[in-house]
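# Observations on the three-dimensional arrangement
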Amino acid sequence: MREFLLTLFVAAAVTYLLTGPVRKFAIAAGAMPEIRARDVHREPTPRLGGIAMFGGMCAALLVASRLEAFDFVFDLNEPRALLSGAALIWLLGVLDDKWGVDALIKLGAQMVAAGVMVVQGLTVLWLPVPGVGTVILTPMQGTLLTVAVVVISINAVNFVDGLDGLAAGMVAIAAAAFFLYAYRLWYGHNIEAAAPAALFAAILLGMCLGFLPHNMHPARIFMGDSGSMLLGLVLAAGAISITGQVDPDALKLFEGSEREAVRSTVPVFIPLVLPLTILTVPIADLVLAVVRRTWRGQSPFAADRGHLHHRLLEMGHSYMRAVLLMYFWAALVAFGMVAFSVQSDKMWIIFLIVGLSAVGLVVLLLPHYTPRVPRWAQRFVPPRYRRGPRSEPAEEAPTGAEEPEKVLVGATAVGERARWRKPGH
């Protein structure tokens, strides 16, 4: 654990320290695109935050390669495969942040980056199937599945990158949950094949934590496609490593049989690989966006304001509440899956998840009603739920008819929420 924490700290520190100079470079290079109709921010903000993230990842991998505890990890091809694919996707993102790249070209480059990792050995070799055991995949099946996982993960993170601190925070939550699962397999079951995935997750968590102080609302810099696509690829690489290369046969010494081993690990492999569970919220946003745009006869890559975070703002949630709500649902799904994989026979975990989901739904629907709060309890609730002071009747206007006055009842990132009332009411 000490070595993992060291690599996490190095990734966070280097990313944090590089972000300031990168911001100045982005401003000097003109990587500050005009505000678009779908954007939430009000002022032009520099991009290219992915440059600092990539520097943090390289520094962490360099330090980890010098640690004796990770010697066997760097004897494998997986770190080199990750670095090769990440460098390609990062370079594409930098070009897109500065000059813009066609969506189909980006999709093709994402497939090429996934193919580069496959060529170097980072691919899905087999899958655990409940009630069947381990299913060996052909090279073609493994390649197609690997490319699909990488492309889905990259675009899921890219689609959710719409609010300050949202993508970095959600990926940090996913990386933390992923690290706990991978570290349990490596340390708890002594499966060395899970160590690369744990290392990738620790580095990814450090990259996000180092970038968040610069990216929280109001953001001083955006990660851009160079950062969002990089985060998605690193997360997918770790998930492919642990899902497709850690054989459930290695667990049967601890679980009693191969079938029991598959059953004990299947909660985190639903529907097939880990990113599809720990990135449930971004992937749901991705699927809804594709369905919504194709239903309207638009291209699936056409930008709009229909993402989940846009809907939260339009419901009346403040900027930070919308971000925290997305954090909450991401953490609930990610850590719920990890807890269920550890103690799948404990019913209290299911009841806890259901209870937290109910709390999340109540908070989600808060803007739709204003509860009556007693005066003695008003100090404990947000200002929007407090009753205003009793006003004295307004004097008659000397001339002209009375005009209604605008009373603000709240403000969000997409505008003010107000109502009109007559003077004195």
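Remember, predicted model here, so these are calculated numbers, not experimental data.

Take the overall build of the protein next. Within the protein, the secondary structure is distributed over 16 helices and 4 strands. Taking all 425 residues of the protein together, the buried fraction comes to 49%. On the protein, roughly 20500 Å² of surface is accessible, and the fraction owed to carbon and sulfur atoms is 65%.

What follows deals with the pattern of salt bridges. Tallied over the full model, the rule gives 3 salt bridges. Note that Asp96 is salt-bridged to Lys106, the shortest N-O span being 3.4 Å. One end of the pair, Asp96, is in helix H4 (residues 78-98); the other, Lys106, is in helix H5 (residues 103-119), and 10 residues separate them in sequence.

When the terminal C-alpha atoms of H5 are compared, their 24 Å separation across 17 residues agrees well with the 24 Å that a helix rising 1.5 Å per residue should span. Residues Lys106, Leu107, Ala109, Gln110, Ala113, Ala114, Met117 and Val118 constitute the buried set of H5. Here H5 starts with a cap whose side-chain oxygen sits 3.0 Å from the backbone nitrogen of Leu104, and that cap is Asp102. Note on H5: the residue one or two positions beyond its end, Gly121, has a positive phi of about 105°.

Its 21 residues place the ends of H4 30 Å apart at the C-alpha level, agreeing with the 30 Å of an ideal helix rising 1.5 Å per residue. Immediately beyond the C-terminal end of H4, within one or two residues, lies Gly100, with a positive phi of roughly 90°.

Below, the discussion takes up the nonpolar core. If you look at the biggest cluster of nonpolar residues, it comprises 98 residues, and the most contacted ones within it are Phe4, Met57, Leu231 and Leu233. If one sorts the elements of this core by residue count, helix H7 (residues 166-188) sits on top with 18 residues.

Attention now moves to the packing of H5 against helix H6 (residues 139-160). Following both chains from N to C, one finds H5 and H6 inclined at 130°, their axes separated by 9 Å at the closest point. By the angle between their directions, the pair H5 and H6 is classed as oblique. Note that H5 runs across H6; the crossing there is right-handed. Each of Lys106, Leu107, Gln110, Met111, Ala114, Met117 and Val118 in H5 lies in contact with H6, whose residues at this interface are Thr143, Thr146, Val147, Val150, Val151, Ile154, Asn155 and Asn158.

Attention shifts here to unusual backbone geometry. Phi at Leu48 takes a positive value of approximately 70°, unusual for a residue other than glycine. With respect to the helices and strands, the residue Leu48 is situated in the loop between helix H1 (2-29) and helix H2 (50-65). The exposure class of Leu48 is buried, given its relative accessible area of 2%.

A few words on the confidence of the model for the protein. Mean pLDDT over the protein stands at 76; residues scoring 70 or higher make up 67%. The low-confidence segment residues 267-273, where pLDDT is below 50, has 22 contacts with residues more than four positions distant or belonging to other chains. Segment residues 391-397 is flagged for pLDDT under 50; beyond a separation of four residues in sequence, or across chains, it makes 4 contacts in the model.

Moving on, we get to a nonpolar patch on the surface. A contiguous nonpolar patch, built from Leu91, Leu95 and Trp99 and spanning about 350 Å² of accessible area, is present on the exposed surface. In this fold, Leu95 is placed in helix H4.

In this section: the packing of aromatic side chains. With the rule as written, the count across this model stands at 6 aromatic pairs. Aromatic pair Phe4 and Tyr183: ring centres 5.7 Å apart, planes at 85°, arrangement edge-to-face. Placement of the pair is Phe4 in helix H1 and Tyr183 in helix H7, with a sequence separation of 179 residues. A single burial state applies to Phe4 and to Tyr183, both of which are buried. Their ring planes at 25° and their centres at 5.6 Å tell us that Phe179 and Tyr183 sit as a pair that is stacked. Here Phe179 and its partner Tyr183 are both found in helix H7, 4 residues apart, which amounts to about one turn of the helix. A connected cluster of aromatic rings, assembled from ring pairs, spans Phe4, Phe70, Phe179 and Tyr183.

Further remarks concern the side chain of Asn158. Within the fold, Asn158 resides in helix H6. With residues near it in sequence (within four places) discarded, Asn158 still touches Lys106, Asp225 and Ser228.

Along the polypeptide, Ala284 turns up in helix H13 (residues 280-295). Using a relative accessible area of 32% as the deciding quantity, one classes Ala284 as partly exposed. Each C-alpha atom of the pair Ala284 and Val160 lies 10.0 Å from the other, and the pair is 124 residues apart in sequence.

Bringing the environment of Asn77 into the picture now. If you trace the backbone, Asn77 turns up in the loop between helix H3 (71-74) and H4. A relative accessible area of 40% means that Asn77 is categorised as partly exposed. For the pair Asn77 and Gln120, spaced 43 residues apart in the sequence, the C-alpha separation amounts to 6.3 Å. A polar side-chain atom of Asn77 sits 2.5 Å from a polar atom in the side chain of Arg80.

Calculation rules
Residues numbered from 1 in each chain as written. Predicted model: local features only at pLDDT ≥ 70, side-chain atom pairs only at ≥ 80, totals over all residues. Heavy atoms only, no water. Helix = DSSP H or I, 4+ residues; strand = E, 2+ residues; numbered from the N terminus. Buried < 20%, exposed > 50% of the residue type's maximum accessible area, 1.4 Å probe, protein only. Areas by Shrake-Rupley, 256 points an atom, 1.4 Å probe, with all protein chains shown as cover. Salt bridge = Lys/Arg side-chain N within 4 Å of Asp/Glu carboxyl O. Expected span 1.5 Å × (residues − 1). Polar contact = N/O pair within 3.5 Å; in protein donor to acceptor, adjacent residues only side chain to side chain. Core = buried A, V, L, I, M, F, W, Y, C linked by side-chain atoms within 4.5 Å. Axes fitted to C-alpha atoms, helices over the stretch in contact; angles between N-to-C directions. Parallel < 35°, antiparallel > 145°, perpendicular 65-115°, else oblique. Left-handed = near helix turned anticlockwise from the far one by under 90°. Contact = heavy atoms within 4.5 Å. pLDDT = per-residue confidence, 0-100. Patch = residues over 30% accessible without salt bridge, like charges linked within 9 Å, V, L, I, M, F, W, Y side chains within 5 Å. Phe/Tyr/Trp six-rings, centres within 6.5 Å; stacked < 30°, edge-to-face > 60°.

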